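# Structural characterization, general
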Amino acid sequence: MSVEVLDDHPEPITSAQRAYQASLKLGITKGADRSRAVLAMAQALERSFDDILEANTLDLEASREMAVPELILDWLKLTPTRLEMTVDVLQRLGELSDPLRRVRTADYQLEDSQSYTQLMPLGVIGFIYEAFPDLGAIAAGFCIKTGNSIILKGSTEASHSNAAIAEALQNAIAEVGLPLGCVELITAEHGASIRDLVTQDQYVNLVIPYGRSSLVQQVVRQSTCPVLKSAMGNCYLYWSLNSSLEMVRWMILDSHQSEPDQVNAIEKVLIHRQALPSSLAVLWNSLMEKGFEIRGDAELVQAFPQLQLVKEGEWGNPYLTKTVAFKLVDSLESAIAWINEHSSGHADSIVTESYQESRQFALGVNSASTYINTSPRFSRNPSRGDSVFLGMSNQKGHRRGFISLETLTTVKHIVQGNGRF
């Protein structure tokens, strides 16, 4: 009879231990060296385009044979353009100023001493992502820049792509002399579940899930580590009587332009009951010409039989496709109450020419960000400003809103005495 030998340190634990040890060294590495590592990652990724695209082809072929949903195939498919955008983000990250060591005066001061605070790394970040193989590289860049180690756990559909990208990143890490455990990849071959990673709270300081809401909620339920929830879709727009039809049309269309992840896409529109039927028909026809599917509540479907009826559960869930549902409301107050109950809570919009309405909406909607007469379109690498974003968070816990470099840091309080006692 053979005796099965059990591994006391399965891969998630081993990876977490390596990442933890690497984070201790990475956290005290100079900002110039961390920036150099991120730029090296960008160069290594660029040199590996052919290998990555070849690996991605294998993933796409296997996924089609497994009848993976079209949405996931869109997220999974890499192109030279997508990889070039990833390289651009990494290069931008490498060129930004060091987010760490920023010294700030503390809110309190002790007698005969000076108190101050400064930003520090969190330690080890677990990044669990559904398809989006290129996003693993961007998340790694965010972590190295902020002095954090990262453990990547992608979905099975992207296993070959994830491995090719991780190999390029790890080669770059080795070239610049940083600890190898700075970037860890847990692959499907390890047979590790999400639970195996998110329960390593002895080593992992934060878990970020990225994908459909079902994945995010699974991580939240199973994790013993702190979780930074990301959010996609199910963003609302309130169309006021004091507003422009063209503005509404542009905001909806533009919000769906982000590729491949339409984070802030407007999927639900609340319309004041006194809106002109002719305006509604013009908007719907325009959207359908652009390939959108239009749905409506029972009252709108009765008046416009060509609309598809929205099911009750759809108001609180994202479509993540080119689908927009419309609903009549009696007032701005009704719209705010409906949004607070059903929206994803990360990006909601209003179109109005009334300053009073805009202020009431901005303060009343319980979301991480509100947009007034402008598109909520999400940009990971915006042309203006001095920041890059990994995604959006709709929670009120660790951080809320745009997930930036500073989101992956914490504060350390330092009290410097003068030797008197």
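What you see is a predicted model, and the numbers here were worked out from it, not measured in a lab.

## Examining the layout of surface pockets
- A volume near 540 Å³ is recorded for the largest pocket.
- Where the lining of the largest pocket is concerned, the elements lending two or more residues are helix 4 (70-76) and helix 5 (80-95).
- Here the residues of the lining of the largest pocket are counted per class, giving 7 nonpolar, 7 polar and 8 charged.
- Taken as a whole, the second largest pocket spans an internal volume of roughly 410 Å³.

## Concerning the domain arrangement of the protein chain
- Splitting the protein chain by domain gives domain 1 (11-229 + 395-417) and domain 2 (235-372).
- Each of domain 1 and domain 2 has a C-alpha centre, and these two points are 34 Å apart.
- Contacts between the two partners involve 13 residues from domain 1 and, on the opposite side, 11 residues from domain 2.
- Buried surface at the junction of domain 1 and domain 2, both sides included, amounts to about 850 Å², of which 58% is carbon and sulfur.
- Looking at the side of domain 1 facing domain 2, the largest losses of area belong to Leu 71, Tyr 210 and Arg 400, adding up to 37% of the total buried there.
- Connecting domain 1 to domain 2 are 0 salt bridges.
- The interface formed by domain 1 and domain 2 contains 3 residue pairs in polar contact (both at pLDDT 80 or more).

## Thoughts on the confidence of the model for the protein chain
- Summarising the model, the protein chain shows a mean pLDDT of 91, and 96% of its residues fall at 70 or more.
- Below a pLDDT of 50 lies the segment residues 1-9, which in the model reaches 2 contacts outside its immediate sequence neighbourhood of four places, other chains included.

Thresholds, definitions, all that
- Residues numbered from 1 in each chain as written.
- Predicted model: local features only at pLDDT ≥ 70, side-chain atom pairs only at ≥ 80, totals over all residues.
- Heavy atoms only, no water.
- 1 Å grid on protein atoms, 1.4 Å probe; cavity = no way out; pocket = protein on both sides within 12 Å on 5 of 7 lines; lining within 4 Å.
- Points joined across faces, edges and corners; volume = space filled by probe spheres on them.
- Helix = DSSP H or I, 4+ residues; strand = E, 2+ residues; numbered from the N terminus.
- Nonpolar A, V, L, I, M, F, W, Y, C, P; charged D, E, K, R; others polar.
- Domains from an automatic or database assignment.
- Contact = heavy atoms within 4.5 Å.
- Buried area = accessible area lost by both parts, 1.4 Å probe.
- Salt bridge = Lys/Arg side-chain N within 4 Å of Asp/Glu carboxyl O.
- Polar contact = N/O pair within 3.5 Å; in protein donor to acceptor, adjacent residues only side chain to side chain.
- pLDDT = per-residue confidence, 0-100.

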